[in-house]
Amino acid sequence: MKNKKWLAILTIAISGLLLLSACSSTSKKSEEKTASKQEKDTFTYAISSDPSSLNPINVSDRWGLTVANMIYSPLVRVNADGSTTNELAESVEPAKDGLSVTVKLRSDIKWSDGEPLTADDVVFTYEQKVKKENGNADSLWVGDKPIRFEKVDTHTVKFILPSVSSAALNNIATETYIIPKHIFKDVKDFSVSELDPDPVGTGPYKLTKYKRGEYLSFEANDSYYGGKANIKKVVLQIVENTDTTKVALKKGEIDASYVLPSDISELKDSDITTYAYSENRVGYMGLNANSTKLKDQKVRQAIFYAINKDDLNKAAYLSTKYYDNAYSILPPNNPYATEDVEKYKTNTKKAKQLLQEAGVSDLKINLAFTASDDAQSLQATLIQQQLQKVGITVELAGGDGTAIYTELQKADSTKYDLFLGGYIMGNDPDLYSALFKSTGSANYFHYQSEKTDQLFDQGAQELDDAKRKEIYADLQKQIADDAIFYPIVDNKKILAVRNTIGNVKKAGLVPIYTFEDLSKLTIK
């Protein structure tokens, strides 16, 4: 009897284990189906760092603007070729006297919470952005006076200029992301990097979660005026290490990422397509005018003459197929760009002579760069070697790019002597005043030049385009002669995308944001 009893217990136990196993198997199959479903409705894009800002009023970094472009919309968008497309605006009409711009809004646009877009939202947005303390007001001031904003009716806004400004007329309605007044009206401080209320926008996606250092997740905005998104969910996966990114791309753990020219051959035989496109970007080496070691113009010029730009760019970008040398503050394809400037062609003999004339020997300086950026890391090492040839010792100070530029933005910062960076500013040269005007909000160089400031003012006010070109040619020469900014490259961006993702070109490959409208992508 005892044996039968134990046999019965054993049979029940085995049956239970088989049942649990079956349940577990069913559960795993269910999870696999769920995971498969998630993969099919989610686009995962690797980005190299956290956004510096998620505040559309002051955002200026690549990944912050990428997020802003997904959640919000501007009145008018500037296309890659410099042309414009109306987004929230139905029409934009400059006055004949050049003192105002009237914008008529589309009447069919709703915020992601279902509320309608109105002129109140536009006026509210610009009223926050024009405040200098919020960090992004440069384009909304003419001289020392702010542009004013007036609600004409529910769907009409008038921008009133204090004086004639060609730059303001060209740029007033572009690339400012409109935020809803009913959501943000109680915010007291718009200078911060993140606003307290959950974002509500008019763009193709809504932010659902942000885990710093890991990812940002989004879901489609059903109220988007551009139509229903083809891909329901998007994840911006933060991956700082480029080798980790490549492995994840090849394994299919991510769907897209930027890569370097040196990576293309490695990805050639995999299920991945690469797209190279111009961003009209200028990659540069900046000098910190606060540094006592760099006060003498001859020392700064000596540094420039010691550098070999061709070697820097060939090392980082391999072929002129993927880059153009830059010689000005404006990218080579900018309609106002000139190469009639001092190019500082490599001349180690002249560099040594200038140092001798300045009475400087055994100069020791440091060079800041973004350590996670392979191109910057490589070029920093080469600059160190090149300057060593003329007796200048360079300490490499690789680190987090956001932290470096936060430090450089401090008015009295002397931590870094030299620094590597890059920018994409658009076609109108006045936009570059944020970087090079004495009062510019992004004057990381701490550059002060009365003549440069005057040329920016003259160019902004001049309505005759031919005369503007002459003014901006003089401006570029002046900044080159002052030797505070060493332009290096206009490099193409190379986006690697798994072949399971479709409509890449239809989504529009554009500067900064990568995709003009990410909602047009499809999953095959």
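As the structure is a prediction and not an experimental result, all values here were calculated from the model.

### So, the pattern of salt bridges
Phase 1: Evaluated as defined, the whole model comprises 20 salt bridges.
Phase 2: A salt bridge links Arg77 to Glu87; the shortest N-O distance between them is 3.1 Å. One end of the pair, Arg77, is in strand β2 (residues 76–78); the other, Glu87, is in the loop between β3 (84–86) and β4 (89–94), and ten residues separate them in sequence. Comparing Arg77 with Glu87, the two get one shared label, buried.
Phase 3: Between Asp457 and Lys437 there is a salt bridge, with its nearest N and O atoms 2.6 Å apart. Taken together, the positions of Asp457 in helix α14 (residues 450–461) and Lys437 in the loop between α13 (433–436) and α14 put the pair 20 residues apart, joining distant regions of the chain.
Phase 4: When its relative accessible area of 28% is taken as the criterion, Asp457 is described as partly exposed.
Phase 5: Among the residues examined, Lys437 registers a relative accessible area of 17% and is labelled buried.
Phase 6: Salt bridges linked by common partners bring Asp243, Lys246, Lys250, Asp263 and Glu266 together as one network.

### A closer look at the sheet that holds strand β5 (residues 100–105)
Phase 1: Pairing is antiparallel in the open sheet, where four strands are placed in the order β4-β5-β9-β8. In this open sheet, the two edge strands, each paired with only one partner strand, are β4 and β8 (148–153). Within this sheet the neighbouring strands show an average axis-to-axis angle of 20°, counted without direction.
Phase 2: Of the strand pairs in this sheet, β5 and strand β9 (residues 156–160) are connected by five bridges, and their pairing is antiparallel. Residue pairing in the sheet places Ser100 in a bridge with Ile160 of β9.
Phase 3: Each of β5, β8 and β9 is contacted by helix α3 (residues 119–129), which is oriented at about 175° to β8, the strand it contacts most.

### Re the packing of aromatic side chains
Phase 1: The final tally for this structure, using the stated rule, is 30 aromatic pairs.
Phase 2: Here Tyr177 and Tyr513 contribute two aromatic rings whose centre-to-centre distance is 6.3 Å and whose plane-to-plane angle is 85°, an arrangement assigned as edge-to-face. Taken as a pair, Tyr177 in the loop between α4 (166–171) and α5 (181–184) and Tyr513 in the loop between β23 (509–510) and β24 (514–515) lie far apart in primary sequence, 336 residues in all. An identical accessibility class is assigned to Tyr177 and Tyr513; each is buried.
Phase 3: Relative to Phe445, the ring of Tyr284 has its centre 5.6 Å away and its plane inclined at 55°; by these criteria the two rings are tilted. Highlighted residues: Tyr284 in strand β15 (residues 282–287) and Phe445 in the loop between α13 and α14, separated in sequence by 161 residues. When sorted by exposure, Tyr284 lands in the same class as Phe445, which is buried.
Phase 4: Three or more aromatic residues link up through ring pairs in this structure, and these residues are Tyr284, Tyr405, Phe419, Tyr423, Tyr432, Phe436, Tyr444, Phe445 and Phe485.
Phase 5: The ring of Tyr486 carries Lys309 above its face, with NZ or CZ at 4.7 Å from the centroid.
Phase 6: Across the ring face of Tyr327, the terminal group of Lys343 is positioned such that the distance to the ring centre comes to 4.7 Å.

### Side note on the sheet that holds β15
Phase 1: Read from one edge of the open sheet, six strands run β16-β20-β15-β19-β17-β18, paired in mixed fashion. A strand with exactly one partner marks an edge of an open sheet, and here the two such strands are β16 (323–325) and β18 (393–399). Taken pair by pair, the neighbouring strands of this sheet meet at an average axis angle of 25°, ignoring direction.
Phase 2: Relative to strand β19 (residues 418–423), β15 runs antiparallel, the two being bridged by six bridges. If you follow Val282 over to β19, its bridge partner there is Tyr423.
Phase 3: Sheet strands in contact with helix α11 (residues 374–388) are β15, β17 (364–370), β18, β19 and β20 (485–491), and its direction is about 165° off that of β17.

### Details of the packing of α14 against helix α15 (residues 465–482)
Phase 1: It is at 9 Å that the axes of α14 and α15 come closest, and there the two elements cross at 160°. The orientation of α14 relative to α15 falls into the category roughly antiparallel. Between α14 and α15 lies a crossing whose hand is left-handed. Residue-level contacts link Lys451, Thr452, Leu455, Phe456, Gln458, Gly459 and Ala460 of α14 to Arg468, Ile471, Tyr472, Asp474, Leu475, Gln478, Ile479 and Asp482 of α15.
Phase 2: Looking at the contact of α14 with α15 residue by residue, the classes come out as seven nonpolar, four polar and four charged.

Reading the values: the criteria
- Residues numbered from 1 in each chain as written.
- Predicted model: local features only at pLDDT ≥ 70, side-chain atom pairs only at ≥ 80, totals over all residues.
- Heavy atoms only, no water.
- Salt bridge = Lys/Arg side-chain N within 4 Å of Asp/Glu carboxyl O.
- Helix = DSSP H or I, 4+ residues; strand = E, 2+ residues; numbered from the N terminus.
- Buried < 20%, exposed > 50% of the residue type's maximum accessible area, 1.4 Å probe, protein only.
- Pairing = 2+ DSSP bridges.
- Axes fitted to C-alpha atoms, helices over the stretch in contact; angles between N-to-C directions.
- Contact = heavy atoms within 4.5 Å.
- Phe/Tyr/Trp six-rings, centres within 6.5 Å; stacked < 30°, edge-to-face > 60°.
- Lys NZ or Arg CZ within 6 Å of the ring centre and 35° of its normal.
- Parallel < 35°, antiparallel > 145°, perpendicular 65-115°, else oblique.
- Left-handed = near helix turned anticlockwise from the far one by under 90°.
- Nonpolar A, V, L, I, M, F, W, Y, C, P; charged D, E, K, R; others polar.

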